[in-house]
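Results of the structural survey
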Amino acid sequence: MATDLETRPGIDDSGVQLEAATLREMYWQMLRARRTDERAWVLHRQGKIAFHISGIGHEAIQVGAAFALRPGYDYALPYYRDLAFNLAWGYTPHDFMLALFGREGEPTSGARQMPSHWGTRSLNIISQSSPVATQVPQAAGVALAIKLRGEDRVAYTSLGEGSTSQGDFYEGMNWAGVHKLPLICVVENNIYAISVPVHLQMAVPNVADRAPMFGVEGVIVDGNDVLACYRVVKEAAERARSGGGATLIEAKTYRPTPHSSDDDDRTYRPREEVEQWKKRDPLARFQAYLLEAGILDEQAIADYEARAREEIDRAQAAAEAAPFPPPEAALGDVFAPVDETLRAEE
Amino acid sequence: MPEMTLIDAIREAMDEELARDERVFITGEDVGPRGGVFRATMGLYDKYGPDRVIDSPLAELSIVGIGIGAALAGMRPICEIQFADFIHPAFNQIISEAARMYYRSNGEWTVPLVIRSPYGGGIGGGLYHSQSVEAFFAHVPGLKVVIPATPRDAKGLLKSAVRDPNPVLFFEPKKGYRLIRGEVPEGEYTVPIGPANVTREGDDLTVYAYGMMHYYTLQAAEQVAAQDGIQCEVVDIRTLAPLDRETVLGSFRKTGKALIVYEDNRFLGYGAEIAAILSDEGFEYMDGPIRRLAGPDVPGVPFAHSMERFFMPGVEKIADAIRELAAY
């Protein structure tokens, strides 16, 4: 089911039966993530924040996946580009602004980590680090726990295509295959690992081509088509819950922005390529689809835009007004307290 | 109290914890029907089944990575790394992930994980079956590092490790698996992670040691007491991280002289930190040079018996070091 990326793309809604309200909610989550992300770039250019790493262009696979899973019931180990996934699961622009500004009350790490290192216990989103692909064997471990307990949850993880060169990816996926674990591994293949193009990461044309070596299902999807992404993640979740094991999903997408606020992508790729991919922008594509289907109209779009701006303005203002964490918070949370009731007396 | 070997005590601890808590499971290479290459898990597969004692692929990174994930999802994994020498592929998972999870998540996510691994030389294992790796991990806040020296402590500390909400590295002196015997209390007990243990009292000097070196140190202490009339105090560190500074400093305030024995390379080994703490916080009690007896600074423990003996601290070398220090 490879997708021809050279034709002018629409939205493949085959096999997707979602109510109009849900489709609008998916649009809203994509838009909200896009506008939040764009605001972060503006704040960086204004010198107000130190760092931003962008998920622009990746909203379709992230929102599609988020809607195909059960937030707070399934487990998620998303990677640093997954702002849209996190927002769709219950993270908020307010949370993200606190992270960007590094302020007190930042919920995922107490502002100990750089922004976009997700983790929300109440949503079953497991804390992430910067060394890439470390989350893959961990996600397999989560899936093993689910299987050992006989639960119908799934473990979801994501990473970039460059990260699939890490041993962690292979070792984690190998466990998933050996034990038929309820794992969904989504690779958001945006062609570049910072500057290194995909043909210098791997000799096979598709990340998903590696699935047979793990003994898991491999799926390629147009990562800029939110409904196609929703469908394949939904199918993977059903496969996982019915004992069919893990799925490796490769979402073909693109990163129209530099890797991060410290990157200059003009040093490694032509502008024409970036412009070409912008025509396949996942948000614009989904908007056109919803307009044509009569699920959205221009007024509704304007309302969503106003709602996003208002929410993000409010989040930014709150973060800018928030104090920095007390310096001595640097000393906290080294060890979790031992539950003395579990320890018999000597 | 029944007497048993170190490895029997370790197995009994795992057996009891598997029985006590269904969240506990074991994974590692050859831990299943084979019972581990050292027989630490012997019989547990038959008793608890393939869902509780899981043979892993031959990939240490994944053994720890899987353990971290399962721990995050509420399980209590015991991961066996077959030899400490092979823990290095898992270094990133331990250092970047397990150690930092609680801190980086603002106290939201815990990793209640035990990593057991046999360490140390003196068994003809050469460069890659003899390493002491404790200093790498004791350096990183967020990890607890435990090395038992007696069967009683091995069982009690391992049971505490399984119940601890933090990642615990549990290094076992493999040369002592069947060599070290001792009494183990009957029935349920634990030994808390944290406190060091004064295992011999004396006024002349303090020897700090752990694991196999503690075993030899007690013998050396008896030798110098009988032959030279030197009374050593011996401190079994037991928990290398976080360190029991009070017990370490308390003994030094009493004797004023310190010898630290470890079988790792000397340079930046665990004893260096003990020496630094004593000189910094115990300076006014100091009555002689703070001495370290350790392996030489070469890349590994050599295989040939002659060279291995040269490398390893043992009873005679410890006794000599005690005499030299006592003469100050």
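Residues numbered from 1 in each chain as written. Chains lettered and ligands numbered in written order. Predicted model: local features only at pLDDT ≥ 70, side-chain atom pairs only at ≥ 80, totals over all residues. Heavy atoms only, no water.

**Some remarks on the confidence of the model for chain A**
To keep it simple, the criterion reads: Per residue, pLDDT captures the predictor's confidence, and it can take any value from 0 to 100. Residue contacts follow a heavy-atom distance rule, with two residues in contact if any of their heavy atoms lie within 4.5 Å.
Of all residues in chain A, 96% have pLDDT values of 70 or greater, and the mean over the chain is 95. Counting contacts from residues 1–5 of chain A, a segment whose pLDDT is below 50, to residues more than four positions away or on other chains yields 10 contacts.

**Here we look at the nonpolar core**
What counts is decided by this rule: For the purposes of this section, nonpolar cores are sets of buried Ala, Val, Leu, Ile, Met, Phe, Trp, Tyr and Cys residues that join through side-chain atoms within 4.5 Å. The cut-offs for exposure are 20% and 50% of the maximum accessible area for each residue type, with area from a 1.4 Å probe on protein chains only; residues under the lower value are buried, those over the upper are exposed, and the others partly exposed. As used throughout, domain bounds are those supplied by an automatic or database domain assignment.
With 83 residues, the main nonpolar core has F137(B), F171(B) and Y208(B) as its most contacted residues. Two domains each put at least three residues into this core: domain 1 (3–183) and domain 2 (197–326) of chain B. Beyond its immediate chain neighbours, meaning those up to four positions away, F137(B) contacts I87(B), F91(B), I94(B), I95(B), L143(B), V145(B), L169(B) and F171(B). Counting residues in hydrophobic clusters, the runner-up holds 68 residues, among them W28(A), V221(A), V233(A) and Y304(A).

**Some words on the sheet that holds strand β6 (residues 144–146) of chain B**
Residue and element names in this part refer to chain B. Note the cut-off: Two strands are counted as paired when DSSP detects at least two bridges linking them. The helix and strand labels rest on DSSP assignments: H or I over at least four residues marks a helix, E over at least two residues marks a strand, and numbering proceeds from the N terminus. Think of each axis as a best-fit line through the C-alpha atoms, taken over the contacting stretch in the case of a helix, with angles from 0 to 180 degrees between the N-to-C directions.
One open sheet accounts for 7 strands, arranged β3-β2-β4-β5-β7-β6-β12; its pairing is mixed. Each edge of the sheet is formed by a strand with only one pairing partner; in this case those strands are β3 (53–55) and β12 (239–241). Looking at each pair of strands side by side, their axes are set apart by 20° on average, direction ignored. Relative to strand β4 (residues 76–80), strand β2 (residues 24–28) runs parallel, the two being bridged by 5 bridges. Its bridge partner lying in β4, T27 is registered against C79. Of the strands in this sheet, β2, β3, β4, β5 (114–119) and β7 (168–173) touch helix α1 (residues 6–20), which is tilted by about 130° from β2. Contacts from helix α3 (residues 60–72) reach β2, β4 and β5 within the one sheet, and its direction differs from that of β4 by about 170°.

**Thoughts on the pairing of β2(B)**
Residues and elements named next belong to chain B. A large share of β2 lies buried, amounting to 5 of its 5 residues. Residues V24, I26 and G28 point to one face of β2 and F25 and T27 to the other, with burial holding for every one of them. In this sheet, β3 lies alongside β2 in parallel orientation, the contact comprising 3 bridges. Of the residues in β3, the one forming a bridge with I26 is V53.

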